[in-house]
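Summary of the model geometry
Each chain, letter by letter, is given below.
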Amino acid sequence: MIHADYVAPASLQELLAILHQHGGQAKIIAGGTDLIPQMRLGKLAPKLLIDPRHLPLLGIAEKEECIHLGANVTHTQVLASMLLKKEYSALVAACQQIGGPPVRNRGTLAGNLANASPAADSALPLLVYDAQIVTSRLGGERVIPLNEFYLGPGQTQLAEDEFIREIRVPKMPSITKTVFLKLGNRKAMAIAVASVALRLSLNELGQVIEARIALGSVAPTPVRAYLAEAIIQSNPLTEEIIKNAAQAAQHAASPISDLRASSGYRSKMVAVLTRRALEMVCQEFASGNSYE
Amino acid sequence: MNEIEIHLAVNGIPRTIQSEPGCTLLEVLRDKLGLTGTKEGCGAGDCGACVVVMDGQAVNACLVLAAQAEGTQIITVEGLAQDGNLHPLQSYFAEKWALQCGFCTPGMLMSCYALLLNNPNPNPEEIRDAISGNLCRCGSYQSVVEAVLATVKFSQEARGG
Amino acid sequence: MVDYSVIGRRADAVRSREIVTGQALYCPDIRLPQMLVGKLLYSRLPCARITRLDVSEARKLPGVVTVLTSRDIPGENSYCYALPADQPLLVPDMVRYQGDALAAVAAESEEAAQAALDTIQVEYEPLEGVYDVLEAMQPGAHQVWSDRGNIVDHLVIDHGDIDLGFKQADLIIEHIYLTPLVEHAFMETEGAVAYRDADGTMVVYSSCQAPHRDRAQIARSLGLPENQVRVITPHIGGAFGGKDEAHVQIHAALLAQASGRPVKIIRSREESILTHVKRHPVIIRYRSGITRDGILTAVHAEAIGDTGPYLNAGRDVMNFVAATLSGPYFVPHARLESYTVFTNNPICGAMRGYGIPQASFACEAQMDLLARSINMDPLEIRLRNGLETGMLVPTGVTIREGRGMKVCLQEAAHLSGWKEHDKEDRKPAPHLRRGWGMASIWFSIGMGRNIPDHATATLEMTLDGSVILHTGAADMGQGAHTALAQMAAEAIGVKIEAVKVIGPDTDRTFDAGPSVASRQTFISGNAVLRAAQPIREALLQTASEITGLPLEILQLKQGLVLAEDELLSLTVSELAVKAMEQNRRLHADGYYAMEYPEPLPPNSYRYAPSVFTFGTQVAQVLVDIETGQVTLEKLVAVQDAGKVINPAGARGQVEGGVIMGLGYALMEELLVYRGSTQNLNLGSYLIPTAKDVPGLVVKLMEIPEPYAPYGAKGLGEPPLTPTAPAILNAVVDAIGIPLYRIPLTPERILAAIEAHHAENPPNGD
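Residues numbered from 1 in each chain as written. Chains lettered and ligands numbered in written order. Predicted model: local features only at pLDDT ≥ 70, side-chain atom pairs only at ≥ 80, totals over all residues.

A short note on the overall build of chain C
For clarity, the cut-off: A helix here means a DSSP run of H or I that spans at least four residues, while a strand means a run of E at least two residues long, and both kinds are numbered starting from the N terminus. We compute the radius of gyration over the C-alpha atoms and compare it with the globule rule, which gives 2.2 Å times the number of residues raised to the power 0.38. Partly exposed residues are those whose C-beta has more than 12 but fewer than 20 other C-beta atoms within 10 Å; with 20 or more the residue is buried, with 12 or fewer it is exposed, and the C-beta atoms are placed from the backbone. A pair of residues counts as a contact when their C-beta atoms, built from backbone coordinates, are separated by no more than 7 Å.
From N to C terminus, chain C includes 18 helices and 28 strands. Against the 2.2 N^0.38 benchmark of 27 Å for 765 residues, chain C shows a C-alpha radius of gyration of 27 Å, consistent with a compact globule. With respect to the three principal axes, the spread of C-alpha positions in chain C is 90 × 75 × 55 Å. The buried share of chain C, taken over its 765 residues, is 61%. In chain C, the proportion of contacts linking residues at least 24 apart, taken out of those at least 6 apart, comes to 80%.

Here's the deal with the overall build of chain B
Across its full length, chain B carries 5 helices and 5 strands. Ordering the α and β elements of chain B from the N terminus gives β-β-α-β-β-β-α-α-α-α. For 161 residues, the compact-globule estimate of 2.2 N^0.38 gives 15 Å, and chain B sits close to it at 16 Å. For chain B, the spread of C-alpha atoms along the principal axes amounts to about 55 × 35 × 25 Å. Across the 161 residues that make up chain B, the buried fraction comes to 64%. Restricting to contacts in chain B with at least 6 residues of sequence separation, those with at least 24 account for 57%.

Things to note about the domain arrangement of chain B
Residue and element names in this part refer to chain B. Put simply, the test is: Domain delimitation in this document rests on an assignment produced automatically or drawn from a domain database. Residues are grouped as follows: Ala, Val, Leu, Ile, Met, Phe, Trp, Tyr, Cys and Pro are nonpolar; Asp, Glu, Lys and Arg are charged; all remaining types, including Gly, are polar.
Parsing chain B into structural domains produces domain 1 (4–79) and domain 2 (88–158). Summarising the inter-unit geometry, the C-alpha centres of domain 1 and domain 2 are found 21 Å apart. On the domain 2 side, the residues contacting the 14 residues of domain 1 number 13 residues. Counting residues per element, the ones that place at least two in the side of domain 1 that touches domain 2 are strand E3 (51–54) and strand E4 (57–60). The element best represented in the side of domain 1 that touches domain 2 is E3, accounting for 3 residues. Taken together, the residues of the side of domain 1 that touches domain 2 break down into 8 nonpolar, 5 polar and 1 charged.

Looking at the sheet that holds E4(B)
All names here are of chain B. Note the cut-off: Only strands joined by at least two bridges in the DSSP assignment are considered to pair. Axis geometry follows a simple rule: fit a line to the C-alpha atoms, using only the stretch in contact for helices, then measure angles between N-to-C directions, giving values from 0 to 180 degrees.
Spatial strand order, E2-E1-E5-E3-E4: 5 strands in an open sheet with mixed pairing. The strands lining the two open edges of the sheet, one partner per strand, are strand E2 (13–19) and E4. Sheet twist, expressed as the mean angle between neighbouring strand axes with direction ignored, is 40 degrees. Pairing between strand E1 (residues 4–10) and E2: 7 bridges, direction antiparallel.

Things to note about the sheet that holds strand E2 (residues 48–54) of chain C
Residue and element names in this part refer to chain C. Spatially, 3 strands are ordered E4-E2-E6 in an open sheet, and the strand pairing comes out antiparallel. Of all strands in the sheet, those bounded by a partner on one side alone are strand E4 (94–95) and strand E6 (121–126). Sheet analysis places E2 next to E6, joined by 6 bridges and oriented antiparallel. When the bridges of E6 are listed, Ile50 appears paired with Tyr124.

Here's the deal with the domain arrangement of chain C
All names here are of chain C. For chain C, the domain assignment lists domain 1 (16–22 + 454–593), domain 2 (31–127 + 190–266) and domain 3 (282–448 + 601–759). The gap between the C-alpha centroids of domain 1 and domain 2 is 38 Å. With 13 residues of domain 1 at the contact, the number on the domain 2 side is 16 residues. In the side of domain 1 that touches domain 2, the residues fall into 5 nonpolar, 5 polar and 3 charged.

Regarding the interface of chain C and chain A
In this complex, chain C contributes 17 residues to the contact, which on the side of chain A involves 13 residues. Tallied by class, the residues present in the side of chain C that touches chain A amount to 5 nonpolar, 7 polar and 5 charged.

Details of the interface of chain B and chain C
On the chain C side, the residues contacting the 42 residues of chain B number 43 residues. At 4 residues, helix H2 (residues 88–95) of chain B tops the list of elements feeding residues into the side of chain B that touches chain C.

Quick word on helix H11 (residues 378–385) of chain C
Residues and elements named next belong to chain C. We count it as follows: Throughout, the arc means the angular range of directions from the helix axis out to the C-beta atoms.
The set of residues buried in H11 consists of Pro378, Leu379, Ile381, Arg382 and Asn385. Summarising the axial view, the buried residues of H11 lie within an arc of 165 degrees, below the 170-degree limit, and thus occupy one face. Those residues of H11 that are buried lie in contact with strand E14 (296–306), helix H10 (356–373), helix H12 (403–415), strand E16 (432–445) and helix H17 (723–735).

Some remarks on unusual backbone geometry
Among all residues except glycine, the phi angle is most often negative; among peptide bonds, the trans geometry is most common. With omega at 0 degrees, the peptide bond leading from C:Leu83 into C:Pro84 counts as cis. Structurally, C:Pro84 can be placed in the loop between strand E3 (64–68) and E4. Despite not being glycine, B:Asn11 has its phi angle at roughly 55 degrees, a positive value. Under the C-beta neighbour-count criterion, B:Asn11 is labelled partly exposed, with 17 such atoms within 10 Å.

Digging into the packing of H2(B) against helix H3 (residues 105–118) of chain B
Residues and elements named next belong to chain B. Applicable threshold: Throughout, the term roughly parallel applies to angles under 35 degrees, roughly antiparallel to angles over 145, roughly perpendicular to angles from 65 to 115, and oblique to all others. Crossing chirality is assigned from the near helix's rotation relative to the far helix, an anticlockwise turn below a right angle marking it left-handed and a clockwise turn marking it right-handed.
Packing of H2 against H3 brings their axes to within 10 Å, and their N-to-C directions diverge by 130 degrees. The orientation of H2 with respect to H3, classified from their angle, is oblique. Helix-helix and strand crossings are classified by hand; for H2 and H3 the assignment is right-handed. For the pair H2 and H3, the contacting residues are Leu89, Gln90 and Phe93 in the first and Thr105, Leu109, Cys112 and Tyr113 in the second.

Here we look at the nonpolar core
All names here are of chain C. We apply this condition: Buried Ala, Val, Leu, Ile, Met, Phe, Trp, Tyr and Cys residues whose C-beta atoms connect them within 7 Å together make up a nonpolar core.
Counting residues in hydrophobic clusters, the biggest one holds 415 residues, and the most contacted among them are Ala488, Val528, Ile727 and Val731. For this core, the element with the most residues is helix H14 (residues 520–547), which contributes 11 residues. Those residues in contact with Ala488 that lie beyond four places of it in its chain are Leu459, Val467, Leu469, Val499, Val528 and Ala532.

Digging into helix H7 (residues 249–259) of chain C
All names here are of chain C. Most of H7 is tucked away, with 10 of its 11 residues classed as buried. Taken together, the buried positions of H7 are occupied by Gln249, Ile250, His251, Ala252, Ala253, Leu254, Leu255, Ala256, Gln257 and Ser259. Just past H7, the residue Gly260 takes up positive phi, approximately 75 degrees.

Examining the environment of B:Phe154
The residue B:Phe154 is located in helix H5 (residues 141–158) in this model. As a C-alpha pair, B:Phe154 and B:Gly43 span 111 residues in sequence and 35 Å in three-dimensional space.

Description of the environment of B:Gly71
All names here are of chain B. Structurally, Gly71 is set in the loop between E4 and strand E5 (73–75). Separated by 49 residues in the primary sequence, Gly71 and Gly22 place their C-alpha atoms 17 Å from one another. Apart from the residues lying within four places of it in its own chain, the contact partners of Gly71 are His7 and Leu8.

Let's talk about the confidence of the model for chain C
We count it as follows: Here pLDDT means the predictor's own confidence in every residue, given as a number from 0 to 100.
For chain C, the average pLDDT comes to 96, and 99% of its residues sit at 70 or higher. Reported confidences for the modelled complex are a pTM of 0.97 and an ipTM of 0.98.

Quick look at the pairing of E3(B)
Residue and element names in this part refer to chain B. Burial along E3 is two-sided: Val51 and Val53 and Val52 and Met54, pointing in opposite directions, are all buried. Pairing analysis gives 4 bridges linking E3 to E4, with the strands arranged antiparallel. Looking across to E4, one finds that Val52 is bridged to Val59. For E3 and E5, the ladder comprises 2 bridges, and the chain directions are antiparallel. Note that in E5 the partner of Val53 across the bridge is Ile75.

Describing the environment of C:Glu76
Residues and elements named next belong to chain C. Inspection of the secondary structure puts Glu76 in the loop between E3 and E4. Accessibility expressed as a C-beta count within 10 Å gives 17 for Glu76, which makes it partly exposed. Sequence-wise, Glu76 and Ser518 are 442 residues apart; in three dimensions their C-alpha atoms are separated by 31 Å. Setting aside residues up to four positions removed in sequence, Glu76 forms contacts with Ala85, Arg220 and Ser221.

See below:
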């Protein structure tokens, strides 16, 4: 048994007030799939757990400029969304590979981001989709671009009394393809050894207008490979350019050695996965098929 | 720590439980309700031995605080049989030897039950995905898949094809 | 061809209904009035002297009923699997591995027990320790024990003339193979519930494989006569050898004795991985000589096993490595050696296979390299060297029934389309390579000669013809009770549904020995047959008298009576009533000890087993040469069963063994840094999920084994053994680079590919 008090406020205001009142002694518990194991081992010991389950949060809502993913959206709900499958397929692909069904049924996107594991699968597609995090605290709201959200392993910009209310994902340019690739040490229920998400958006002339590459498990936080993106954005996509971009992505990573893999292996995999992701997307554009 | 009161339905029966807030649903089921069919294999959500169905979805009971189950409908392995008649999944698990030591079986059954609630005609790949969160060290995965396929076939025939 | 009416046919597993309804009780499910929660304090340090251990404050805590240290043990403070009994139940002074227990606590609740553990004051003087097995063998290494050297045992099995053998070889190759430290990962962790009965008997529910041995150990440590201890096995959630030696049951009994109340101890998953015995990591240097026609002339192989600090099953396991290291082949000259070495690493003991998986891995990887070195098909080299009935093997044994070796080999080759692989696409994409590999194994059934290896079973027929089978054989999920029930039903002549099984209860069932060495089908099976025989005879005598027909033409089947295959209007139930009226006895026990009628030549290996089973597996893999990831695409497993008692159960044992072998090959490894295990949960110690396993093709061959009940021999362990080498050989075939170590993690494969390219730059690959 873990030792903490529990409260499930009925409104956002109430939640924010409680969160503010307890400061660092309280944590938000949504699916609990990261929080409870950590508390059981004594790695985290909040005195109060605040559950947003009664909040009237929107699930997955499509608006004019962007998609809103409420704080309570689970990975399973992402997988079930026709809208997300169509428009944000890399996010669906990433959620498909998180844990197993029981974990996906409970774990939330917001919780996964807040937990700030460098291996978080869903963070990568959200990064390449230029997602923003909308937070609330008693003083008001703010919007944090996801690529500024992480400060270090397990550390985010969130203040102690700040709550992720929703994730906003802008609409993508009409010609967009994305890929999510993950390497694990077995074929299910595996924390990533290295992972990559890639988005390429083209104009009508077939030139790359937006390139986004996000890397997971190879740095203290999920990171963007900005130099690699720049190489892609300013050059035609030849084999040589792809190779250069892959190498640049490799340099954006600063992996460590741990139980799952060595830093050297991870570093090599960044290049391999980035290259493959680029090749896959190029092939799709060439053949006109949609990536599944 | 003060105890809190939780109201939930377990296997169709409304229950009111007094529990410490940090108690998990698994502890409530096993220790307070005496429903020991659901097992603890790891306590950390890694093995699936504690899977129950909550509001129609498979969840690891060790990762749900009892308080988070407030107002929910829980089905455990003890709730599958009706009036002493085994659910077809249970009969086919036995028939196909989809169990050896049986410790993973309750969680495995509930993952399969949840699958069939949401997908009445799964293919083998989908079944494997549904049980990917249930570890079986005895290695009964293939027999579990066959038991689910047999259940589906039986249900289709029972409904007249 | 005998037509059996019960064995070889479908039957639900005994007690499957309890399992699928959630009614089956395992140790954690047992609740008794006034029951206390027991917990043990583990050192977590691998090597240290205890300079202070003070439990006085812990004893005073509210809710804490009993705290025990080594001073409080009335009898022997040791586990007693092997002699000398060197592993303390509660360490008095020296901690020798991370899982050593220092104190035992019983309290009213989980929280109170944990509070007691947290309040116990311990001070350690950390000591140097030794964590590398090769280093431990050197003079000057830290000595784990002051009164024994680190090399506990060195077995040498000599056969023929090894120097001559190598002289006869046209080619000699030598390689070193490595296998990892492996966790059993049974889904139910170790547990026990102990309480003192009204008549003073200490009753212990134990999740264990050896109930009668547990009884002896508990009695020994509590200072009680053995008949004052009663061990009962509830449902057991997997064991795989990890519950052969005692774990927490003796501690639970000590706490129950001291507190006067029932005590339940259930290890958490982390505690389980931290403390219980593991599979030995073994280093094998394997030197083989062959002629240019691929005939083996000599094998000199040495195996070094890191056994941790306590003897446990260490010597026995390593001896099995040596005894089987030559593989299922005729090897005229051999020297097979094993070293059992102490270190301060996690303690190693029995795990499914008991050393034979390690030996088979090296032997079979080497066979493929031998084949490659002379451009021979791996199938062909195995056919040329495979054992046959009547051949002599290095331990001095002559193979009684050896047809299984080549039968399984050829069947596996046929089912997997071995000859057609060349037509398949080896390079389905620039970064992918497909390969095929095979491995053949032999596996010994039973403990070996000159070792107690017996079982007793009791059968009782009631007045209505139903049967009760009492067996002391633990069923951990391997299906022993069902197989034994089927044999009882067949042997007496009733339906399987008429047989109820009473499982291990040392007050009610005789000793059947431990459920290890894949022995229960053979040994308890024969015990069942010996118990059934007098009952069947009594029934048939009665039938003969009633009908006036001669005994020779009468049969009992499925509860009915037949004369020359014609049904009579007479049932077994009616016979039972009549038999009792005539004072005929309808209950009996049967005793069987593994028999070794053939004498061993002098200078043979004293404990040589004589019953063997064979198997071959063929694996097809896909390797991503840029990431090193391996996907098992197909696997064919052909296993020699002697006689299949329960088809579904047998298939389950083979599939389960293959899946465990898959984990061994690709993903399982306990990572230990200076005696401290780093991956202590099932999220970081990976075993195969449903998505890691492709469809498996399983075929069981039935070549009756002499002396075995219905010809049936064991299946619990053998199917695990060929899998890892078959997968390794397939990966080697796919990438064309030799490999010597499991698990084949993506990183290791990539490193091998890169090293190979560095030495052999590709020319336009």
